[in-house]
Amino acid sequence: MSGRRDRRSRLASRAVQLGFVASVVLAWYLATAYGHINRILLPNPVNVWHELKDVLASGEYLPDLRVTLTELAVAFAISCISGVTIGYIISRSAFLIRVFEPLLAGFYSVPVILFLPLYVLFFGLGPESKIALGTTISFFPIVLNTIAGFGYVDKIFITAARSMGASDIQMFRHVLLPAAFPVILTGLRIGFTVALLSILGSETIASLAGLGHHIVSLAEAMEPARMFAYIAFAVAIAVLLNTVVSGLERRARRT
Amino acid sequence: MSTAAPAIRIKDVSHEFGEAGDARFVRALSHTSLDIGRGELLCLIGPSGCGKSTLLNMIGGLMPPTSGTIEVGGKPVRGPMPRDIAFVFQENALFPWCTVLENVKLGMVFQGVPKAEQEERARKSLEAVGLKDFMAHHPAQLSGGMRQRAALARALSLQTEILLMDEPFGALDEQTRMILGEDLSVLLSRSNKTIVFVTHSLGEAVFLADRVAVFSARPGRIKEIIAVDEPHPRNPAFVTTEKFSRLRNTLYELLHDEIRKAVEQSATVGPGE
């Protein structure tokens, strides 16, 4: 157990990762600068970089970003509240767990994106259909983890608390909730990630606004460099959000 | 209230799991009667599945008897009586998300003990079990023996007359177990609590108990009660005396056939308890 060797091997793997990314970008540059590659299909990375700077400086991304983030926030809020509430209710009865857990796990494996055309028919091309899709997709990991968290608390904890005279409310606050919390938190993180993915994805398929929508319209306008810049921007936003959520999860776990 | 009244009175108690005729039907305990005196330390010993843990849980009000009655302090037991009875379980009954100090305090939180008093009682009982330097640790950072000391401190802090201990040292190695037994004997000789202690270990039973109730194989009933006439706190040298070996041998003879029977039972119907 040598800390120094640990650190060195971690540094080495970081260096290889960086080198790998750098060589991909370099290959991309060389291919577009000297190879016979259609600029419409693959723009030059330097052009993409200039476009990205322009996008950021002009602030033209703001309306689309706002649409996407609002859809995400609403969808995640709905699936959090409904998923945790329904999961808790199911977890209170062994019978309900037996009935609903396999059912929900089954639905979870359905590719919900296939319902997008239906949602567009129901809710229109606006943000409502994206919210519906994001909610549906993120609901399942949240409800399933809530059931797992509350439903499988070690019996000995419940027995011990009962023997010490815990009331129902005390049992919830001091035993069930802290026991279930880390598991639920994982469900929330997964729910958040899939909601973001599905909302961005569905914006590229059928929408009026949002980052995904903007990327598609740039592709249709034959502006690949700017499109790549937007993709890079969307990726950065997604990485940022996921990092924040994972960080929150780690912090909540510690306390 | 007369001092002669027993702390715990068990009257013709039986316990069955499942319904008669059911494939999983098990008669764990059959028509057992027993009085446990105030300040007495009674060990329950017997083969696996003989219903000794079940009896302990019924005394503590964690499960109702199928028939018969149990009285604690003259009152029939109808559910947990946290003001009269505290439990120490086999292991892992400490809440892993709480520190040792928080774990000890939580029982008092449940019972509405004032905050300042919680703190004081928790510190005192942790000191008594030798954990005063580990109050801020989480259970996962402690050894098995220390965890059981913490569980004991939690039970002591509740200041109950009765302590029910369900194989508290069952998961520990022989040496840790011996030391904990010695410390327990010293601690409890000062407290004058009534204690029911379930164990698998013959030596532990003789070393700790005023009386040892030996159970038969399923359906469990008390086969014999052995008195250990030796003052508390027990001297560690007690283990090396001839009296100790004689009592231990008596227990061994009483138990041996029952354990065989229990093993054969579990081979035919699967593990119980």
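Keep in mind it's a predicted model, so treat the numbers as computed, not measured.

> Requested: an account of the interface of chain A and chain B, with residues and values cited.
In this assembly, 13 residues from chain A lie in contact with 15 residues from chain B. Elements with a contribution of two residues or more to the side of chain A that touches chain B: helix 7 (155-163) and helix 8 (168-205) of chain A. When the residues that make up the side of chain A that touches chain B are grouped by side-chain class, the tally is seven nonpolar, five polar and one charged.

> Residue-level account of the domain arrangement of chain B, with values.
All names here are of chain B. Each domain of chain B was delimited in the assignment, giving domain 1 (8-84 + 160-269) and domain 2 (96-158). Between the C-alpha centres of domain 1 and domain 2 the distance comes to 25 Å. Taken together, the contact pairs 11 residues of domain 1 with nine residues of domain 2. Here the element with the most residues in the side of domain 1 that touches domain 2 is helix 5 (residues 174-191); it accounts for three residues. Here the side of domain 1 that touches domain 2 is built from residues that sort into eight nonpolar, two polar and one charged.

> Pulling in residues and values, what's your account of the packing of helix 3 (residues 115-128) of chain B against helix 4 (residues 144-157) of chain B?
All names here are of chain B. The contact between helix 3 and helix 4 brings their axes to 8 Å, and the two run at 135 degrees. Regarding the angle of helix 3 to helix 4, the classification is oblique. As helix 3 packs across helix 4, the resulting crossing turns out to be right-handed. The segment helix 3 lies against helix 4, with Arg 121, Ala 122, Ser 125, Leu 126 and Ala 128 engaging Ala 153, Leu 156 and Ser 157. Residue classes in the contact of helix 3 with helix 4 are distributed as five nonpolar, two polar and one charged.

Rules of the game
- Residues numbered from 1 in each chain as written.
- Chains lettered and ligands numbered in written order.
- Predicted model: local features only at pLDDT ≥ 70, side-chain atom pairs only at ≥ 80, totals over all residues.
- Contact = placed C-beta atoms within 7 Å.
- Helix = DSSP H or I, 4+ residues; strand = E, 2+ residues; numbered from the N terminus.
- Nonpolar A, V, L, I, M, F, W, Y, C, P; charged D, E, K, R; others polar.
- Domains from an automatic or database assignment.
- Axes fitted to C-alpha atoms, helices over the stretch in contact; angles between N-to-C directions.
- Parallel < 35°, antiparallel > 145°, perpendicular 65-115°, else oblique.
- Left-handed = near helix turned anticlockwise from the far one by under 90°.

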